[in-house]
Amino acid sequence: MFSFIKRDFASLIFIAFAGIILFFWGLGAYGLIDETPAKFAASGRLMSISGNWLTPISNGIPRFDKPPLIYWLMGLIYSIPNQSSWDTLGSFAARFPSAISSFLLMIILGETLLRWPQKKFINQRRTAVVTALSFALSPFVMIWSRTAVSDALLCGTFGLSMLFQWRCYVNANTNSWVYAWIILGFSILAKGPVAIVLMIFALFLFGIFQNDFDRLRRQLKPVYGLLVALGISMPWFIIEYILEGNIFIKSFFGYHNFQRYTSIVNSHQEGIFFFVLMLILASLPFTPLLILGIIKGVKEIKKNISKRTIMPSDSLLIFAISWLLAVFIFFTLSGTKLPSYWLPATPAAAIIIGQAENFEINIGKKKSKLFNFCWWSTVVFLILIALIFLLPVFMPNLTFINEINDNEMIDLSNQLINSGILKRGGICLLVSGIIGIATKKSLNINLLSLQVPIILFHLLAINPLFKLIDINRQLPLREASNFIISSRKPNESIAMVGIKKPSVHFYTNEIILYESNTNVNIINLSERLSVEKRIGWEGRQIGHPHASNSVLILIDNATSELSHWKSLNPTRLRDFGIYNVWRVDRSRLQEIADNFKKEYNLTSSWKDYNPEKY
């Protein structure tokens, strides 16, 4: 039996320290990124304010796209006394569930490898650290662990549940089987029934590859386990159905689960090889080592299926391949495909990468040709990515950077060069590549030495990049929102036209009426201001004692130049970046809307069912 000693504890401390740096450093230093994170954050904050912890509500509309765990965790942080004084942008509280779930998974990944080192390990402690960092340094993990959505929470809870399933399979103690299923229940509350499907599929593949269904059934107790998971997750679904009725079933199960899987939603149509690309991108620059691990694992699987040569305690590689393959197959068959769908596979990929250097056991100076190819491919990836960062600094006219075309970040290319972000990031990656060359030539393979500069890369380049983007894209919206609140008349409603940014609702903490830029949207806005009702807000006819005769409109430059919006004769209050704040007379708005109805035979569309409405 493996027991912890000081060096093992030191390895966990290092993993924890790296996790804190990677996931929490500067977590609240920049604002929320539109559009989805702002919807999550607004719902979580409202739970804390209103005391309604059952139904997530964003912008006055029940939000049924995800179960409540992400909102509960956000709401708990928003409920901390004086939270707004140390989290002035509200973004730390919003991102905390994503960061903490990835952090905990990183710890358990390392601890699992320390407790059950696999056969032929060169250095079990180093492998544990490398595995944990391979997960944390995945580009996908770094992005979504700092994003206020439920994907990282699903990855964290599902990953923990999978690891505890394997640990129970290896060494089941009294009632230890229940922990994995309890965590699965929380995973269902993070994103829905997809967690159950992925786990059952992954365990089924593992049973085939490990050729050991009997032990799996005895140790994991899947029937009882599913009852435990459903016992934790189902009460909320039942209560929500009782409170909200069929609209909840139609939206959550019908649209956000069944329809997303069986058809293409929001134009997210990708080819059948989409997740091959995701597999490659999500593990950069260590993708060649991931492929090496998969090749080695497939060879072991072939041998094990026929002869059953792999002991349970040595089966982690096979388990990780089963896990990765389950995610790959399931989402490849999905109609809607998004990069974030690959996130639950990243812990499995990290396990495979973490064992890569152990595939090359020294026998004198003889080295595997396959290992050499994968190692040098990794070094080449590092150097190429480094050059992509450094080339704009030294040759700005010959790179892609001048091709960046974003009307909200017009001067981004010059800002990137002048900020030093590209230079610092390129140097960190170049150092990592040079170390890779040096360690290979010295015959002392050490994947950890490549990862340490990449930690610095994230601190010195990626985090400042997020902040630079925030200054360009979100700061004008925050300033406009503050101005709207300070200049708003009593009972005056607020609308945003053209570009629709849910963060404006989050920043103002007021109901925002969002409309697109066509003339039909003028009709929509006029009607909504008079008759629409939302939770915490309702439109009122002109002349009503509690109605305002004007409306504040936040409108982008391009939309403001359209003739049908210019015809509103607005009072232009102030500009913020590409956005303008208008005050529009509601009588004039209604007059224009009535003219469009008669002249073009148009009717409003705002009452149409739209599960993505906010």
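Below or above, wherever it landed, is the structure these notes cover. Small disclaimer: the values here were computed from a predicted structure and weren't measured.

Parameters at a glance
- Residues numbered from 1 in each chain as written.
- Predicted model: local features only at pLDDT ≥ 70, side-chain atom pairs only at ≥ 80, totals over all residues.
- Heavy atoms only, no water.
- Helix = DSSP H or I, 4+ residues; strand = E, 2+ residues; numbered from the N terminus.
- Expected span 1.5 Å × (residues − 1).
- Polar contact = N/O pair within 3.5 Å; in protein donor to acceptor, adjacent residues only side chain to side chain.
- Phe/Tyr/Trp six-rings, centres within 6.5 Å; stacked < 30°, edge-to-face > 60°.
- Buried < 20%, exposed > 50% of the residue type's maximum accessible area, 1.4 Å probe, protein only.
- Lys NZ or Arg CZ within 6 Å of the ring centre and 35° of its normal.
- Pairing = 2+ DSSP bridges.
- Right-handed = clockwise from strand over helix to strand, strands pointing away.
- Contact = heavy atoms within 4.5 Å.
- Axes fitted to C-alpha atoms, helices over the stretch in contact; angles between N-to-C directions.

**Details of helix α21 (residues 447-473)**
Compared with the 39 Å implied by 1.5 Å per residue over 27 residues, the 37 Å span of α21 between its first and last C-alpha is a close match. Here α21 starts with a cap whose side-chain oxygen sits 3.1 Å from the backbone nitrogen of L448, and that cap is N446.

**Remarks on the packing of aromatic side chains**
As enumerated under the stated definition, the model contains 26 aromatic pairs in all. Judged by centre distance (5.2 Å) and plane angle (85°), the rings of Y169 and F206 are edge-to-face. Placement of Y169 in helix α8 (residues 151-170) and of F206 in helix α10 (residues 194-210) is noted, with a sequence separation of 37 residues between them. When sorted by exposure, Y169 lands in the same class as F206, which is buried. With centroids separated by 6.1 Å and ring planes inclined at 70°, the aromatic side chains of F319 and W323 adopt a geometry described as edge-to-face. Placement of both F319 and W323 in helix α16 (residues 316-332) is noted, with a separation of four residues, approximately one turn of the helix. Note on F319: relative accessible area 1%, which makes it buried. Lying over the aromatic face of Y169, R215 brings its terminal NZ or CZ to 5.3 Å of the ring centre.

**Thoughts on the pairing of strand β4 (residues 512-515)**
Alternating residues of β4 divide into I512 and Y514 and L513 and E515, and every residue in both groups is buried. By the bridge criterion, four bridges tie strand β3 (residues 493-497) to β4 in an arrangement that is parallel. Within β4, the position partnered with V497 by the bridge is E515. In terms of handedness, the path from β3 via helix α23 (residues 503-508) over to β4 forms a crossover that is right-handed.

**Structural notes on the side chain of S43**
Looking at where S43 falls in the secondary structure, it is placed in helix α2 (residues 36-50). For S43, a relative accessible area of 0% translates into the label buried. Look past the residues within four positions of S43 in its chain and what remains in contact with it is P56, I57, S58, R63 and Y71.

**Some details on unusual backbone geometry**
The omega torsion across D34 and E35 is 10°, close enough to zero to call that bond cis. In this model, L284 is joined to P285 through a cis peptide bond whose omega is 5°. Structurally, P285 can be placed in the loop between α14 (274-282) and α15 (287-307). Not every positive phi belongs to a glycine, and N59 is a case in point at roughly 55°.

**As for the sheet that holds β3**
Adjacent strands of a sheet form backbone hydrogen bonds with each other and so pair up, either parallel or antiparallel. Strand order in the open sheet formed by five strands is β4-β3-β7-β9-β8, with mixed pairing between adjacent strands. The outermost strands of the open sheet, each flanked by one partner alone, are β4 and β8 (571-576). Here the average twist between neighbouring strands, direction ignored, is 25°. This element, helix α22 (residues 475-487), spans β3, β7 (550-556), β8 and β9 (579-585) of the sheet and lies at about 145° to β8. Where helix α27 (residues 586-600) meets the sheet, it contacts β7 and β9, and its direction lies at approximately 90° from that of β9.

**Some remarks on the side chain of S340**
Looking at where S340 falls in the secondary structure, it is placed in the loop between α16 and α17 (346-354). The exposure class of S340 is buried, given its relative accessible area of 8%. Reaching out from S340, the side chain makes a polar contact with the side chain of D151 at a distance of 3.4 Å. Apart from the residues lying within four places of it in its own chain, the contact partners of S340 are W144 and D151.

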